[in-house]
Amino acid sequence: MNEGPKIGELFSRNYLRPEVKLSDSPRARRRAYSAFSDYRDAVGVDFVQAVKRALGAEYPYGSYGYDHERFWTKCEIRDFLGGITLTYRLLRPYKRDAKFLEEMREIFQQEGLHYRIDDACGVHYLVDEEFSRSTEATLEGLGAARFTGARQALEDGLQGLTAGNISGKALIRGVFEAAESVFLILVSDSNANRLNEQVVEKLLRPKLAIRYEGVPNGEDKISRVLDTFNKWVKAAHPYRHGAHFEEVHEAPLDEAVLLASIGMSFIRYMVQPVQG
């Protein structure tokens, strides 16, 4: 029986399946290597052995010995994340683990990596594996230049899941703005400037009619899709704007994750015919 992710465990032991696409950042890697370099003389040799034994990864070797920079900047993402946990473990006897943990959390937050680091320096998905899959697939789908604004809105929204700065409202708002941006690009109507039920029915339905031409019961399928989409728009819309009063108009995190997951599914759904 699966008991869930273990505190302080290696990322690959808790989660990894070969087909999972993982968030990565060359800049975060360089910064992590720089942090590791501060402790290289103390733990460098032990780190190499730990990588080989715990991760099963080959460690690069250069003209002057083990090439730590190449490992941190070029290794598989699973080994990069695992290397962070291993470094923390090796620093415990030197009482320098807390500083390293703090620095890694700062790097992950500032560079927008979609993970959280627990108190024992184990790396986890921000929410769970499926949410991470959805996030990375959606960001990948927004890779074209025309979707730059949508991608930026989504990335900004994901900052609402950053440790110490949790905001369900920010997450929903980012996903909504990304969906709105994609929708406006898809319908290509100069008179449309926002996402609501009226413009969905007027402008998106004809696009889907072309997409589902010849599909049995296509009109019924389109109506069901649009009905679900409009309900999502209605559910997310209150968090799209600021509160009228002084209270913080915040969203419960579980609701925010649910609405964000649905919204990202619709983003991928809308992007598909544009790319086709």
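So, here's what we can say about the structure. (Residues numbered from 1 in each chain as written. Predicted model: local features only at pLDDT ≥ 70, side-chain atom pairs only at ≥ 80, totals over all residues. Heavy atoms only, no water.)

### A word on the packing of helix H2 (residues 26-37) against helix H3 (residues 40-55)
Stage number 1. For the pair H2 and H3, interaxial distance at closest approach is 8 Å and the crossing angle is 110 degrees. In terms of orientation, H2 lies roughly perpendicular with respect to H3. Where H2 approaches H3, its residues Tyr-33, Phe-36 and Ser-37 are matched on the opposing element by Arg-40, Val-43, Gly-44 and Phe-47.
Stage number 2. Its residues assigned to classes, the contact of H2 with H3 comprises four nonpolar, two polar and one charged. (Axes fitted to C-alpha atoms, helices over the stretch in contact; angles between N-to-C directions. Helix = DSSP H or I, 4+ residues; strand = E, 2+ residues; numbered from the N terminus. Parallel < 35°, antiparallel > 145°, perpendicular 65-115°, else oblique. Contact = heavy atoms within 4.5 Å. Nonpolar A, V, L, I, M, F, W, Y, C, P; charged D, E, K, R; others polar.)

### Examining the side chain of Thr-87
Stage number 1. Mapped onto the fold, Thr-87 is located in helix H5 (residues 77-91).
Stage number 2. Those residues within four positions of Thr-87 in sequence are excluded, and the remaining contacts are Phe-36, Phe-47, Trp-72 and Phe-100.

### Digging into the environment of Ser-23
Stage number 1. Take Ser-23: it is sitting in the loop between helix H1 (11-14) and H2.
Stage number 2. Separated by 112 residues in sequence, Ser-23 and Thr-135 have C-alpha atoms that sit 9.2 Å apart.
Stage number 3. With sequence-adjacent residues up to four places away left out, Ser-23 is seen in contact with Ile-77, Gly-112, Leu-113, His-114, Tyr-115 and Glu-136.

### Looking at the packing of aromatic side chains
Stage number 1. By the definition in use, this model includes 18 aromatic pairs.
Stage number 2. Between Phe-47 and Trp-72 the ring centres are 5.5 Å apart and the planes differ by 10 degrees, which places this aromatic pair in the stacked class. In this pair, Phe-47 is assigned in helix H3 and Trp-72 in helix H4 (residues 68-74), connecting sequence segments 25 residues apart.
Stage number 3. Look at Phe-71 and Trp-72: their rings are 5.8 Å apart centre to centre, the planes differ by 85 degrees, and that puts the pair in the edge-to-face class. Here the two residues Phe-71 and Trp-72 agree in accessibility, since each one is buried.
Stage number 4. Ring-pair connections join several aromatic residues into one group, and the members of that group are Phe-36, Phe-47, Tyr-59, Tyr-61, Tyr-66, Phe-71, Trp-72 and Phe-80.
Stage number 5. For the cation-ring pair, Arg-211 lies above Tyr-269, with the distance from its terminal atom to the ring centre recorded as 4.3 Å. (Phe/Tyr/Trp six-rings, centres within 6.5 Å; stacked < 30°, edge-to-face > 60°. Buried < 20%, exposed > 50% of the residue type's maximum accessible area, 1.4 Å probe, protein only. Lys NZ or Arg CZ within 6 Å of the ring centre and 35° of its normal.)

### As for the side chain of Ser-134
Stage number 1. Its place among the elements puts Ser-134 in helix H7 (residues 129-141).
Stage number 2. Setting aside chain neighbours within four positions, we find Ser-134 in contact with Ser-261, Met-264 and Arg-268.

### Looking at the nonpolar core
Stage number 1. Ranked by internal contacts, the top residues of the largest apolar core, which has 45 residues, are Leu-171, Phe-229 and Trp-232.
Stage number 2. Broken down by secondary-structure element, the contributors of at least two residues to this core are H7, helix H8 (148-158), helix H9 (168-187), helix H10 (197-211), helix H11 (218-236) and helix H12 (253-275).
Stage number 3. Residue contacts for Phe-229: discarding those within four places in its chain leaves Leu-195, Val-200, Leu-204, Phe-266 and Met-270. (Core = buried A, V, L, I, M, F, W, Y, C linked by side-chain atoms within 4.5 Å.)

### Overview of H10
Stage number 1. End to end, H10 covers 20 Å across 15 residues, agreeing with the expected 21 Å (1.5 Å per residue, within 8%).
Stage number 2. For H10, the principal kink sits at Leu-204 and spans about 35 degrees; a proline, Pro-206, occurs within the next four residues.
Stage number 3. Structurally, the start of H10 carries an N-cap: the backbone nitrogen of Gln-198 is 3.2 Å from a side-chain oxygen of Asn-196. (Expected span 1.5 Å × (residues − 1). Bend = angle between axes of the 7 residues up to and from the residue. Polar contact = N/O pair within 3.5 Å; in protein donor to acceptor, adjacent residues only side chain to side chain.)

### Quick look at empty space enclosed by the protein
Stage number 1. Scanning all chains against the criterion turns up one cavity of 30 Å³ or more.
Stage number 2. Its boundaries defined by the atoms lining it, the largest cavity holds a volume of some 50 Å³.
Stage number 3. Taken together, His-114, Tyr-125, Leu-126, Val-127, Asp-128, Phe-131, Ser-132, Thr-135, Leu-158 and Leu-161 make up the full set of residues lining the largest cavity.
Stage number 4. Ranked by residues supplied to the lining of the largest cavity, first place goes to H7 with three residues.
Stage number 5. Partitioned by chemical class, the residues of the lining of the largest cavity number six nonpolar, three polar and one charged. (1 Å grid on protein atoms, 1.4 Å probe; cavity = no way out; pocket = protein on both sides within 12 Å on 5 of 7 lines; lining within 4 Å. Points joined across faces, edges and corners; volume = space filled by probe spheres on them.)

### Brief notes about H2
Stage number 1. In this model H2 runs 17 Å from its N-terminal to its C-terminal C-alpha over twelve residues, within 8% of the 16 Å that 1.5 Å per residue would give.
Stage number 2. Tucked inside the fold, the buried residues of H2 contact H3, H4, H5 and helix H6 (97-110).

### Points about unusual backbone geometry
Stage number 1. Positive phi outside glycine occurs at Lys-95, with the angle close to 60 degrees.
Stage number 2. The residue Lys-95 is located in the loop between H5 and H6 in this model.
Stage number 3. The phi torsion at Ser-188 lies on the positive side, around 50 degrees, for a residue other than glycine.

### A few points about the packing of H5 against H6
Stage number 1. Orientation of H5 relative to H6, taken along the N-to-C sense of each, is 160 degrees, at an axis distance of 8 Å. Classified by the angle their axes make, H5 and H6 are roughly antiparallel. Where H5 crosses over H6, the handedness of that crossing is right-handed. For the pair H5 and H6, contact is made by Leu-81, Ile-84, Thr-87, Tyr-88 and Leu-91 and by Asp-97, Phe-100, Leu-101, Met-104 and Phe-108, respectively.
Stage number 2. Class assignment of the residues belonging to the contact of H5 with H6 gives a composition of eight nonpolar, one polar and one charged. (Left-handed = near helix turned anticlockwise from the far one by under 90°.)

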